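Chain residues, written in single-letter form:
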Amino acid sequence: MRASAPRLPPERQREAASVPAQTSSGATVLDRWFKLSERGTTVAREVRGGLVTFFTMAYIVVLNPLIIGTQKDGTGVFLGGTADAPNLAKVAAATALVAGLMTILMGVVANYPLALATGLGLNAFVTFGIAQLPDMTWADAMGLVVLEGLIILGLVLTGFRTAVFHAVPIQLKTAISVGIGLFITIIGFVDAGIVRRTGAGPVPVELGVGGFLAGWPTVVFVVGLLTMAVLMLRKVKGAILIGIVTATVVAIVVEAIAKIGPSFTPPDKVNPTGWGLNVPKLPSQVTDVPDFGLLGQFSLFGSFSKIGVVTAVLLVFTLLLADFFDTMGTMVAIGAEANLLDEEGIPPNTERILVVDSIAAAAGGAASVSSNTSYIESAAGVGEGARTGLASVVTGVLFLLATVFAPLVAVVPYEAATPALIIVGFLMMTQVKGIDWDDMEIALPAFLTIVLMPFTYSITAGIGAGFVSFVVLKQARGKASQVHPLLWVTSALFVVYFTIDPIKQLLGVG
């Protein structure tokens, strides 16, 4: 018997199915294009979902410049700046622009509630693992990102990427969704300062500061989390968005009275009980003129003469594999949470989703802001009711507005936005019952998939461990013929991915 795809709890299914789309003339056009009635949603729900998704991932407009804009390349020059000074505003403008355009494209072309922006982890790898290699320029590094995007687009258009997706067993797809739920939960706790590194000793993390919750920002986080939980329990529409707005207002009031300040002030001033990322205060100005000077600043093959063909190919392979499977996991998790998967766990318009995501990878490199990829924070919008690409259009428009209204984006601190990730992590965790825990052949790979995502802070690592262990266990039970050939191929690629450093050393290109 074919396993069923992960579904929402019955009460949420009934609630979604009972909501008709709005019937005004404008809404009717949107209904036909985005299939609002068919997916049991309304324009209002999609707008709320798009708003929530934006607020839970708007941090990338500030954070990406802090990662790639504050580091010098192999020639000693800052991205978009000079050898003496960075230009974070230019990086922020390009980051918001590409995120906005690609997210709108996802909504219009794929009709899926999935937002895209510069990929965290990928941008760090580009910065520290590529751009800082001897003689490498930012243009050279971004050229490799563009190349990776074009290759992955080719894999989609030839059907390979979609075929791999179809080859994954349904219960592994469920495990990917659950693992991502835990992954975004730990992201939320870490960003809010609830979970922190100890800095010393055998225990890697701890609760708050010194094992205790401390500081007013923590109070704001708790207020936001409990507000969302209570409102959802009482079935209040817009619970997550109301929670974010409420927590932000509380944060602004607290900062105005207590003058807490940021958690970190360059170069080395640390305030453990300060605000994460943004200090919540009303901005002195509402708009700013964006500088899009980074667009087109890439050299497609410039790195080949700087670091050699073999090294360049290995770097592209590393980028490609991470991007390939991160998106696969993300779109499954979003589809499961939105009740959009078919009986095989496949989202609608899968190929279109993958095409847009591949284009976004290349677009991010072409705009010098690193590979753009699908964001699991989109699940926050789905938790608010988003079911179609209209929510993505709303999120994308807000990103475009962020290029001009950047000062307003900086009002919402981590502590006000991250409670949404905890709530959505809980909702995604409920899918774990769809895994047969009595069958070790699937239970152990599912377990590794689930736990390694949060424990390694990597969706790719979890998926890779699940694939490799699934193939090994099937082989051990004499059931190798039950493994799809593409799973053998991808598992072999993951073995290469996990051992990339020893391979580079063996080839003398480390």
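Structure: above.
Below is a short write-up of the structure. Predicted, not measured: the structure shown is a model, and the values here were computed from it. (Residues numbered from 1 in each chain as written. Predicted model: local features only at pLDDT ≥ 70, side-chain atom pairs only at ≥ 80, totals over all residues. Heavy atoms only, no water.)

## Observations concerning the pattern of salt bridges
Then, number 1: Inspection of every chain in the model, using the stated rule, returns 6 salt bridges.
Then, number 2: Ionic pairing is found between Glu-384 and Arg-48, a salt bridge with its closest N-O pair at 3.6 Å. With Glu-384 in the loop between helix H15 (378–383) and helix H16 (389–402) and Arg-48 in helix H3 (residues 43–57), the pair connects residues that are 336 residues apart, well separated along the chain. For the residue pair Glu-384 and Arg-48, the accessibility class agrees, reading buried in each case.
Then, number 3: The closest approach of N and O atoms between Lys-306 and Asp-140, which form a salt bridge, is 2.6 Å. Here the residue Lys-306 occupies a position in helix H12 (residues 302–307), and Asp-140 occupies one in helix H7 (residues 138–157), the gap between them amounting to 166 residues.
Then, number 4: Using a relative accessible area of 34% as the deciding quantity, one classes Lys-306 as partly exposed.
Then, number 5: The exposure class assigned to Asp-140 is buried, which follows from its relative accessible area of 3%.
Then, number 6: One salt-bridge network, held together by shared partners, links Glu-441, Lys-474, Arg-477 and Lys-479. (Salt bridge = Lys/Arg side-chain N within 4 Å of Asp/Glu carboxyl O. Helix = DSSP H or I, 4+ residues; strand = E, 2+ residues; numbered from the N terminus. Buried < 20%, exposed > 50% of the residue type's maximum accessible area, 1.4 Å probe, protein only.)

## Some words on unusual backbone geometry
Then, number 1: Even without being a glycine, Asp-135 presents a positive backbone phi close to 70°.
Then, number 2: With respect to the helices and strands, the residue Asp-135 is situated in the loop between helix H6 (122–131) and H7.
Then, number 3: At Ser-368, a position not held by glycine, the phi torsion is positive, near 65°.
Then, number 4: Looking at the secondary structure, you find Ser-368 in the loop between helix H14 (350–366) and strand S6 (372–374).

## Some points on the nonpolar core
Then, number 1: Core analysis: the biggest nonpolar cluster contains 123 residues, and Ile-180, Phe-325, Ile-463 and Phe-467 have the highest contact counts within it.
Then, number 2: Examining the composition of this core, we find that 15 residues originate from one element, helix H13 (residues 309–337), more than from any other.
Then, number 3: Once residues within four sequence positions are removed from consideration, Ile-180 is found in contact with Gly-329, Thr-330, Ala-333, Ile-376, Met-428, Met-453 and Ile-459. (Core = buried A, V, L, I, M, F, W, Y, C linked by side-chain atoms within 4.5 Å. Contact = heavy atoms within 4.5 Å.)

## Points about the packing of aromatic side chains
Then, number 1: Within this structure, the stated rule accounts for 10 aromatic pairs.
Then, number 2: Taken together, a centroid distance of 6.1 Å and an interplanar angle of 55° make the contact between Phe-189 and Phe-221 tilted. With Phe-189 in helix H9 (residues 170–191) and Phe-221 in helix H10 (residues 216–233), this residue pair connects regions lying 32 residues apart in the sequence.
Then, number 3: Every member of this aromatic cluster is reached through a ring pair, and the members are Phe-467, Phe-494, Tyr-497 and Phe-498. (Phe/Tyr/Trp six-rings, centres within 6.5 Å; stacked < 30°, edge-to-face > 60°.)

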